[in-house]
Amino acid sequence: MTQAAKPHTSADGRWLNLRLAPELFAADVPVAEGLPACIVVQQGRIVWVGPQDKVPAVYAGLPAHEGGARLATPGLVDCHTHLVYGGERANEFAMRLAGATYEEVARAGGGIVSSVKATREASEEELIAQALPRLDQLLAEGVTAIEIKSGYGLSLEHERKQLRVARRLAELRGVTVRTTFLGAHALPPEYAGRSQDYIDLVCRDIMPALAAEGLIDAVDVFCERIAFSLAETEQVFQAAQALGLPVKLHAEQLSNMEGAALAARYGALSCDHIEHLSENGIAAMRDAGTVAVLLPGAFYTLRDTKLPPIDGLRAAKVPMAVSTDHNPGTSPALSLLLMANMACTLFRLTVPEALAGITRHAALALGLQHEQGLIAAGRPANFVLWPVRHAAELAYWFGHKPDCTVVRQGRIART
Ligand code: NIG
Ligand code: FE
């Protein structure tokens, strides 16, 4: 049965004969690319990392895992996904190829609302069965932590179902999942013309109930002219703040709503998409320490031409993350490495920026910076061994699933 967790073996021991990419390590780890290095894992945690000839004697008796001169990187972090949904939307792909825009598709009753219908019709078990193969593709490519949003349920019952599925996926695959409540993703059909009523329902009923059930790690809103206004977004942020939940935002994807500046005022973990981000938004994100999450898959699918303001973000030292934005409408992407490649080619990120974007900065966008995105002593063992000579190859190849070894949550992953 596809849902069964496959057997995993402990990663405890000395991982020998590794190469480390210095840009992917903590500043205090004395390694250089090409050096035979070693990672020591005990009880599922990294206890030591550094040059192999300096491994402390106390670890000498631990079992050895041969690294085969492969490149070790932190596990990848996919910090923005809508992985759990019913059905697919290949028909919209055809509509858009025939000339319809994303907004036209949405206004014609397609778009997010059509996934809402299919998600509501699916049982929890059906959603798990549909999401697992997608998750497995991401995991096979080295993902060790992933964000999963709700937002295709749009009612208490169905948002709960989506978030419960996200939690179940974490258990089934032994992967770190951060759940994000995106009840304000689209207006459900039964609330047509009553946007304020729906936002009131989200803030007063749905979000508090799901938070009380421990199903929400963060709260997101789709702030856009085809979704929710700035005022509605702020209402959701206030409700999240009252519950002690961190916020994030789908911001300035199709137009500049000045959503990023609002999100920054609420100390947002991240603002995502941000093709139309203004100078004001960049400054606000810089001051708040908000991560800029770049989503080249959606940019590509929508044949967008407005590039996110990379130079401005770089100049302001706003940390940039890169994610799949996996969703059935605008980014049916199942490769985070491909997104790194596209972030370089389409957005002109440098390779180190793209690699930080799928590791360290992506962890920061989820508030997981102390657990994920870096190989360092004291952290849970989440790392990947790649059969490549240079770290740059991770962003260079595309359409290629490298034969990597993934250590996830201290286990050698088989999925
Ligand atoms: O991140 N922008 C809004 N949400 C998704 C699209 C979801 C959908 O089309 O189903 C996104 O691109
Ligand atoms: Fe999204």
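How each quantity is defined
- Residues numbered from 1 in each chain as written.
- Chains lettered and ligands numbered in written order.
- Predicted model: local features only at pLDDT ≥ 70, side-chain atom pairs only at ≥ 80, totals over all residues.
- Heavy atoms only, no water.
- Helix = DSSP H or I, 4+ residues; strand = E, 2+ residues; numbered from the N terminus.
- Expected span 1.5 Å × (residues − 1).
- Buried < 20%, exposed > 50% of the residue type's maximum accessible area, 1.4 Å probe, protein only.
- Arc of directions from axis to C-beta.
- Contact = heavy atoms within 4.5 Å.
- UniProt positions renumbered as here; feature names shortened; annotations may be inferred.
- Near = heavy atom within 4 Å.
- Polar contact = N/O pair within 3.5 Å; in protein donor to acceptor, adjacent residues only side chain to side chain.
- Areas by Shrake-Rupley, 256 points an atom, 1.4 Å probe, with all protein chains shown as cover.
- Pairing = 2+ DSSP bridges.
- Axes fitted to C-alpha atoms, helices over the stretch in contact; angles between N-to-C directions.
- Salt bridge = Lys/Arg side-chain N within 4 Å of Asp/Glu carboxyl O.

### Looking at helix 7 (residues 230-242)
Thought 1: Between the first and last C-alpha of helix 7 there are 18 Å, a value that for 13 residues agrees with the 18 Å anticipated at 1.5 Å per step.
Thought 2: Along helix 7, the residues classified as buried are Glu232, Thr233, Val236, Phe237, Ala239 and Ala240. For helix 7, the arc enclosing every buried residue in end-on projection is 160 degrees, short of the 170-degree limit, so these residues lie on one face. Exposed side of helix 7, more than 90 degrees from the buried face: Ala231 and Ala242 are the residues found there.
Thought 3: Turning to helix 7, the residues buried within the fold contact strand 9 (176-184), helix 6 (195-212), strand 10 (218-221), strand 11 (248-251) and helix 8 (259-265).

### So, the UniProt feature "domain: Amidohydrolase-related" (unreviewed entry) in the chain
Thought 1: Residues annotated by UniProt as "domain: Amidohydrolase-related" (unreviewed entry) correspond here to residues 72-407.
Thought 2: Secondary structure content for residues 72-407 is 44% helix and 14% strand, and the end C-alpha separation is 10 Å.

### Some thoughts on the site of ligand 1
Thought 1: In the vicinity of ligand 1, 15 residues are found, and the nearest of them are Arg89, Tyr102, Tyr152, Asp325 and Thr330.
Thought 2: Taking Tyr152, its side chain carries an N or O atom lying 2.6 Å from an oxygen atom of ligand 1.
Thought 3: For ligand 1, an oxygen atom lies 2.9 Å from a polar atom in the side chain of Asp325.
Thought 4: Coverage of ligand 1 by the protein amounts to 100% of the 320 Å² it exposes when considered alone.

### Thoughts on the sheet that holds strand 7 (residues 76-78)
Thought 1: The four strands are arranged 7-8-9-10 in an open sheet whose pairing can be described as parallel. Looking along the sheet, the strands with just one partner apiece sit at the ends: strand 7 and strand 10. Each neighbouring strand pair of the sheet contributes to a mean axis angle of 20 degrees, computed without reference to strand direction.
Thought 2: One ladder, built from five bridges, connects strand 8 (residues 143-149) with strand 9; its direction is parallel. In the strand pairing of strand 9, Glu147 is matched with Arg178.

### Some remarks on the pattern of salt bridges
Any two side chains of opposite charge can pair if their charged atoms end up close together.
Thought 1: Under the counting rule described, the total for this entry stands at 17 salt bridges.
Thought 2: A salt bridge links Asp136 to Arg173, with the shortest nitrogen-to-oxygen separation between them at 2.7 Å. Taken together, the residues span a long stretch of sequence, with Asp136 in helix 4 (residues 124-140) and Arg173 in helix 5 (residues 156-173) at a distance of 37 residues. As far as burial versus exposure is concerned, Asp136 and Arg173 are alike and both buried.
Thought 3: For Glu141, the salt bridge is made with Lys401, and the minimal N-O distance between the two is 3.5 Å. Within this pair, whereas Glu141 is found in the loop between helix 4 and strand 8, its partner Lys401 is found in the loop between helix 15 (393-396) and strand 16 (405-408), the two being separated by 260 residues in sequence.
Thought 4: According to the relative accessible area criterion, Lys401 is partly exposed, its value standing at 44%.
Thought 5: Via salt bridges that share partners, Glu147, Lys149 and Asp220 belong to a single interconnected network.

### Regarding the environment of Ala69
Thought 1: If you trace the backbone, Ala69 turns up in the loop between strand 5 (64-66) and strand 6 (71-74).
Thought 2: With a relative accessible area of 35%, Ala69 lands in the partly exposed category.
Thought 3: Expressed as a C-alpha distance, the spacing of Ala69 and Gly110, which sit 41 residues apart in the sequence, is 50 Å.
Thought 4: Those residues within four positions of Ala69 in sequence are excluded, and the remaining contacts are Asn17 and Arg19.

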